Each structure stands twice: as structure tokens, then as C-alpha cells.
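Examination of the molecular architecture
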Amino acid sequence: MKKYFSMVVALLSATFFLSACKSSPVEKDVNDFRIKRGTNISHWLSQSEERGEARQQHIQEDDFERLEQLGFDFVRIPIDEVQFWDEDGNKLPEAWQLLTNALDWSVKHHLRAIVDLHIIRSHYFNAVNEGAGNANTLFTSEEAQQGLINMWYQLSDALKGYSNDSVAYEFMNEPVADEHEQWNLLIAKVHKALREREPQRTLVIGSNRWQGYETMKYLKVPEGDKNIVLSFHYYNPMILTHHGAWWTPIGKYTGKVSYPGILVSQEDYEAAPDSLKAELEPYTRQEWNIDRIRADFKDAIDVAKKYGLQLFCGEWGVYEPVDRELAYKWTKDMLTVFDEFDIAWTTWCYDADFGFWDQQKHEYKDKGLVDILTSGKKLGN
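Residues numbered from 1 in each chain as written. Predicted model: local features only at pLDDT ≥ 70, side-chain atom pairs only at ≥ 80, totals over all residues. Heavy atoms only, no water.

Between its first and last C-alpha atoms helix 5 (residues 93-108) spans 23 Å; for 16 residues at 1.5 Å apiece the expected length is 22 Å, and the two agree. Every buried residue belonging to helix 5 is among Ala-95, Trp-96, Leu-98, Leu-99, Ala-102, Leu-103, Trp-105 and Ser-106, and all of these are buried. Just past helix 5, the residue His-110 takes up positive phi, approximately 60 degrees. (Helix = DSSP H or I, 4+ residues; strand = E, 2+ residues; numbered from the N terminus. Expected span 1.5 Å × (residues − 1). Buried < 20%, exposed > 50% of the residue type's maximum accessible area, 1.4 Å probe, protein only.)

This next bit is on the pairing of strand 3 (residues 112-119). When you tally the buried positions in strand 3, you get 8 out of 8 residues, the bulk of the element. Bridge count for strand 2 (residues 74-80) against strand 3 is 7 bridges, and the pairing is parallel. Directly across from Ile-79, in strand 3, lies its bridge partner Leu-117. Note that strand 3 and strand 4 (residues 167-170) share 4 bridges and pair parallel. By the bridge assignment for strand 4, Ile-114 is matched with Ala-168. (Pairing = 2+ DSSP bridges.)

Attention shifts here to the sheet that holds strand 10 (residues 344-347). Read around the barrel, 8 strands follow the order 1-2-3-4-5-6-9-10 and close on themselves; strand pairing throughout is parallel. Averaged over all adjacent pairs, the angle separating strand axes in this sheet is 25 degrees, with direction ignored. Where strand 1 (residues 37-40) lies against strand 10, 3 bridges are found, and the strand directions are parallel. Bridge pairing links Arg-37 to Trp-345 in strand 10. Helix 12 (residues 290-307) contacts strand 6 (228-233) and strand 9 (310-315) of the sheet and is inclined by roughly 175 degrees relative to strand 6. (Axes fitted to C-alpha atoms, helices over the stretch in contact; angles between N-to-C directions. Contact = heavy atoms within 4.5 Å.)

Attention shifts here to the confidence of the model for the protein. Per-residue confidence for the protein averages 92 on the pLDDT scale, and 91% of its residues sit at or above 70. Under a pLDDT of 50 for its full length, residues 1-27 has, in the predicted model, 1 contact with residues more than four places off or in other chains. (pLDDT = per-residue confidence, 0-100.)

So, on to the environment of Lys-329. If you trace the backbone, Lys-329 turns up in helix 13 (residues 324-340). Here Lys-329 falls in the partly exposed class, since its relative accessible area comes to 34%. Considering only alpha carbons, one finds Lys-329 and Glu-143, 186 residues apart in sequence, at a separation of 47 Å. Not counting residues up to four positions away in its chain, the partners in contact with Lys-329 are Tyr-259 and Pro-260.

Counting residues in each nonpolar core, the largest one holds 107 residues, and the members touching the most others are Leu-99, Leu-230, Phe-232, Tyr-234, Phe-297 and Phe-356. Take this core: its biggest share by element is 8 residues, from helix 12. Sequence-distant contacts of Phe-232, defined by excluding residues within four places in its chain, comprise Gln-211, Tyr-213, Met-216, Phe-297, Ala-300, Leu-311, Phe-312, Cys-313, Gly-314, Glu-315 and Ile-343. (Core = buried A, V, L, I, M, F, W, Y, C linked by side-chain atoms within 4.5 Å.)

Close contact between helix 6 (residues 142-159) and helix 7 (residues 180-197) brings their axes to 10 Å; oriented N to C, the two are set at 30 degrees. Comparing their axes, helix 7 and helix 6 come out roughly parallel. As helix 6 packs across helix 7, the resulting crossing turns out to be right-handed. Residues Glu-142, Gln-145, Leu-148, Ile-149, Trp-152, Tyr-153, Ser-156 and Asp-157 of helix 6 form the contact with helix 7, whose participating residues are Leu-186, Lys-189, Val-190, Ala-193, Leu-194, Glu-196 and Arg-197. Among the residues forming the contact of helix 6 with helix 7, the class breakdown is 8 nonpolar, 2 polar and 5 charged. (Parallel < 35°, antiparallel > 145°, perpendicular 65-115°, else oblique. Left-handed = near helix turned anticlockwise from the far one by under 90°. Nonpolar A, V, L, I, M, F, W, Y, C, P; charged D, E, K, R; others polar.)

Below, the discussion takes up the environment of Leu-326. Relative to the helices and strands, Leu-326 is located in helix 13. Residues Leu-326 and Asn-40, spaced 286 residues apart in sequence, show a C-alpha to C-alpha distance of 22 Å. With near-sequence residues (within four places) excluded, Leu-326 lies in contact with Leu-240, Val-257, Ser-258 and Tyr-259.

Across the 7 residues that make up strand 2, a large majority, 7, are buried. Looking at chain direction, strand 1 and strand 2 are connected through 3 bridges and run parallel. Residue pairing across strands places Gly-38 opposite Phe-74, the latter belonging to strand 2.

By the element assignment, His-191 lies in helix 7. Owing to a relative accessible area of 12%, His-191 belongs among the buried residues under this scheme. A distance of 2.7 Å separates a polar atom in the side chain of His-191 from a polar atom in the side chain of Asp-225. Sequence-distant contacts of His-191, defined by excluding residues within four places in its chain, comprise Leu-203, Pro-222, Asp-225 and Ile-228. (Polar contact = N/O pair within 3.5 Å; in protein donor to acceptor, adjacent residues only side chain to side chain.)

Residue Pro-237 follows Asn-236 across a cis peptide bond; omega there is 0 degrees. Counting through the fold element by element, Pro-237 comes out in the loop between strand 6 and helix 9 (238-241). Cis geometry is found at the peptide bond from Trp-348 to Cys-349, where omega equals 10 degrees. Of note, Cys-349 is situated in the loop between strand 10 and strand 11 (357-358). With phi around 50 degrees, Gln-47 is a residue other than glycine that occupies positive phi space. The topology assignment puts Gln-47 in the loop between strand 1 and helix 2 (52-58).

Structure representation (C-alpha cells):
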């Protein structure tokens, strides 16, 4: 009898084990890539001329340790094609090693990471402002689109060993297609290619026209894939967040800005140069406050609900020279709305001209901003 009971127990145990093995892939159809608050490690492997020792020293393990201690739970790491491949498509080994270091440090310090292909030779989000010779070819060239897919094949080969719970891929930053459907078709093409390689990796997909919140409603998301995070960027009102930013038209305005409320008084508008008045005029009659932010986010929130996916604001922030009192007010309003609607976010950025850390002096540029950023909801709250 005892021997018979042992055989029954063994048989039941084996049956349970086989059942668990069969069910586990279904249970992991949705991975555990959960995010809440982070920052962009920008101007390092993207938008930077640093190479060699300077690039190697720019970001180190202590940066990831610092972010963990501050209470951030993930980072977005922009990378550029010109840093990872030469013009003949050959890998440039140093950048690949630096990216691997960054991901290893992220894992060690309990930070999830989004690898963001930020600028490629066939597409630059600011090409429209760079002159006719810099026109994008990505949306009109099959060869360029296959080139994008090939880059992700190589990135996947190098990164697929990292857990699906810890590393995600954002396969292109701020697409600027003439027609929304051009971007939707490319999404489907790249999504299909990556899913053949990595069925459960989280993919971050943004909207057309600089990942604008206002174009989220035109986005077509691959159906039935729950390992997707939807992304938008937000820098409005530009006259506040980019006040004095030399590379933008509105940045040439040097007069007073207010927030919340009407941003530019009639008096300041009249005193501004005539060449800026067309840019300034909307800010003299439109109120900007937390309710405006909520209204702007509505389309993005609705699209995320429609597909049952997490929503993520991948870039937002205030240019360093902007009046800190105004910057803090806007930042607090942004964080309030993020928390209300469970929107994950990464500030632009960690240590560059919108950042809070000074890599040269190895000290905080703006500890007040850090305290505000880390005051809201944490992951899981």
C-alpha cells in the first residue's frame, strides 16, 4: 500500500510539473518591464562628438549608483548610428562596449533601461531645420528601411541576453513622416522583424511628428502585443521650457515669461522685436496651467487605454537657464498629471543642458529640481 501511494504521488508530481512547463510560456506572454520615473543618459552615445577617453569617462558606474540612490527606477539611453557603425556599416567596437557597460551597470543598480535609436543617417528629427541637403530618406526608401531593420538585428544579437524584464528597445526616436500612415507602415515592418527574433522583448513605440501628443490618435499599434509601451514627448509651452534656447525660434525672445496663466503680457509683446511677434502672439491670449497639460495629454491617455498599454513620456524638461521658480512650478504640475494617470517618464536629461547633474564638477547643478522629481509616486505606488 505504501509503495502504491508513493507511485501515485510521483505520478501526480510529474503531471503537475509537465502542466507547469506547458503553462509557463503563456504566463510570460507579458513580461515584467515595469517603469515609473527615470532620466535620459543623453549626449553621450548620441548627439556628441566625444570619442576615446573623454567618451569613456563621461558616464561611469557611479552615475547609475547615484540614480538608484535617488529613487529612479530606469534610464533611457539614446544612441546614434554614427557612433555604432561607420559609413560602410562596420561596427565601431568602443561604442558597443560602452553600451554593454551601461546596461550591466543598470542591472547591477536595479535600473531598467530603454535603448533608444535616436538618430540614424536616413532620419534626423531636426532635418527640417537643417536645410534641403539634410532631407530624410527613411520613409521613401526601401533600402533605408531595411537598413534600420538590419541595425536592430545587430543590436538584438548583442543585447538579447539581457532579461526581457530589464531592457527594452525603442526602435526610433521622434519620427517625422509627411504622412502618418508612412510611420504606421514602418512600425508594422520593424515590429514584425523584431518579433521574429525576440517575441517578448518590450518595444517602445512613439507617435509621428516628433512623438507629439497631438498625433497619438493617428498611431496604429500592432494588435494583440502587450509587450509594447507607447511613448510621447512634451515640452509645452516652448516659450517657457526653451526660454533663451538659441537653437529654437522662440528662444530668441528675451523678455519676461510667466507661469501659470498668460505667459507673455501685452506690454512685453509690444516691446519684442517685430520678427518674433508671430511666434509670441499665441502666448499672449492662451492660458497655460495644469488643466492645459491634462487636456494636452488626453489623446495619448485614450490611445493607451484603447490598447491596454503603458504610457510613457520619454522626454520632458526645462532648459537650464530658465528661471528656476517657473521651472519648478511647471515641473510640479507635470508630475501631478503623470501620477494621476500612471504615466511613466524620463526627464531630458541627466547631465546636459536640461539636466540636474554636472559631470565636470561632479556635483548637482540643481538639487531643488532633483528633490521635486523624486517627491512623487514611486514604482508600485
